[in-house]
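What follows is the residue order along each chain.
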Amino acid sequence: MKVIVTLILLSILAVISGCSSGGGSFLAGYDFSSIDKIAVVEVTGYFKKEGVRNQIANFVEIELLERGFAPIERSRIQALIDEQDFQASEITATDAVKTGKILNVPAILLIDVPEFGENINVSGKMLDATDGRILWVGYGKARTGKLLTTVIAATAGAVIGAAVDSDHTTEGAIIGGVLGGAAGYTLSPQAAEKVKEAIGKMCDSMPSRLK
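We now turn to the structure provided with this report. (Residues numbered from 1 in each chain as written. Predicted model: local features only at pLDDT ≥ 70, side-chain atom pairs only at ≥ 80, totals over all residues. Heavy atoms only, no water.)

**Quick look at the packing of aromatic side chains**
Then, in step 1: Under the defined criterion, the tally for this structure stands at five aromatic pairs.
Then, in step 2: Pairing F26 with F32 gives two aromatic rings, centres 6.1 Å apart and planes at 85°, and the pair type is edge-to-face.
Then, in step 3: Of the residues examined, F32 reaches a relative accessible area of 6% and is grouped as buried.
Then, in step 4: Between the aromatic rings of Y46 and F116, the centroid separation amounts to 5.8 Å while the plane-to-plane angle is 35°, which identifies the pairing as tilted. With Y46 in the loop between β2 (37–45) and α2 (50–66) and F116 in strand β4 (residues 107–116), this pair connects stretches of sequence that are 70 residues apart.
Then, in step 5: Judged by its relative accessible area of 41%, Y46 is partly exposed.
Then, in step 6: The class of F116 is buried, set by a relative accessible area of 6%.
Then, in step 7: Counting every residue linked through ring pairs, the aromatic cluster contains F26, Y30 and F32. (Phe/Tyr/Trp six-rings, centres within 6.5 Å; stacked < 30°, edge-to-face > 60°. Buried < 20%, exposed > 50% of the residue type's maximum accessible area, 1.4 Å probe, protein only. Helix = DSSP H or I, 4+ residues; strand = E, 2+ residues; numbered from the N terminus.)

Shown next, in the form of C-alpha cells:
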C-alpha cells in the first residue's frame, strides 16, 4: 500500500514540476574545435518582442560558452541584420556565408521557438559560415503547465499612468499602458527557468570544442 501511495505521489510531482527532453545530431568528422567564435543570428518563432528574443539568445550564449565557443555581441548581429535587410527565418546557405564573412565568424546559429505554452519547444541549427553546411541540429522540450509567458509591462504602465493622471484616469492608464508595453517584455522567472531547461536539453547534443 505504501509503495502504491509513493508511486502516485511521485507521478503527481512529475506532472506538477513538468518534464524535459531533447536530442540532436551533428556532422560526423567535422572539427568543432576550429570554431572559436559563433554568432546567434536570430531567435524566431513564438516571441515577437525583442527583449524576450535577446533573453533567449543570452541563455543560448551561456550554453555556448560552457562548450568553449565565443558568442558575438548581439548588438553587432542585430545591426548587421538591419543593414542587410533580411529576416533570420529566411536565411539561406548563401546568407549564412555572407553573414559569417561580415562578422568574421566560422559558424552561425539559428534558434526557433515554435511553441510556448503548457509545452515549450526550442530548436537550433548551426551552419558553417564558409559553405552553408549544417553542422548541428538539436531540439529541446519542457513542460510548464499553465504559467505566465511574460511579465506584462503594459499592465504596470497602465497603473502608473492612472496614478499620474488622476483627473483623466482612463486616458492616463491608456498612455501608461502604451509606454509600459513599449518598454519591452521579459520572461517571467518561472517561464525563464523552463526555457533555460529546454535550451539546456537542446544543447546537450551540441558538440563541444573543449577537449
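**Considerations on the sheet that holds strand β5 (residues 119–128)**
Hydrogen bonding along the main chain pairs the strands of a sheet, whether they run parallel or antiparallel.
Then, in step 1: If you trace the six strands from one edge of the open sheet to the other, you get β1-β6-β5-β4-β2-β3, paired in mixed fashion. For this open sheet the edge positions go to β1 (20–26) and β3 (70–71), each flanked by a neighbour on one side alone.
Then, in step 2: Pairing geometry for β2 and β3, over two bridges, is parallel. Paired with I38 across the bridge in β3 is P71. (Pairing = 2+ DSSP bridges.)

**With respect to the environment of K37**
Then, in step 1: Within the secondary structure, K37 sits in strand β2.
Then, in step 2: Relative accessible area serves as the criterion here: at 24%, K37 is assigned to the partly exposed category.
Then, in step 3: Remark: the alpha-carbon pair of K37 and L64, spanning 27 residues in sequence, is separated by 9.7 Å.
Then, in step 4: Setting aside its immediate chain neighbours within four residues, K37 contacts A70, I72, N104, V105, P106 and A107. (Contact = heavy atoms within 4.5 Å.)

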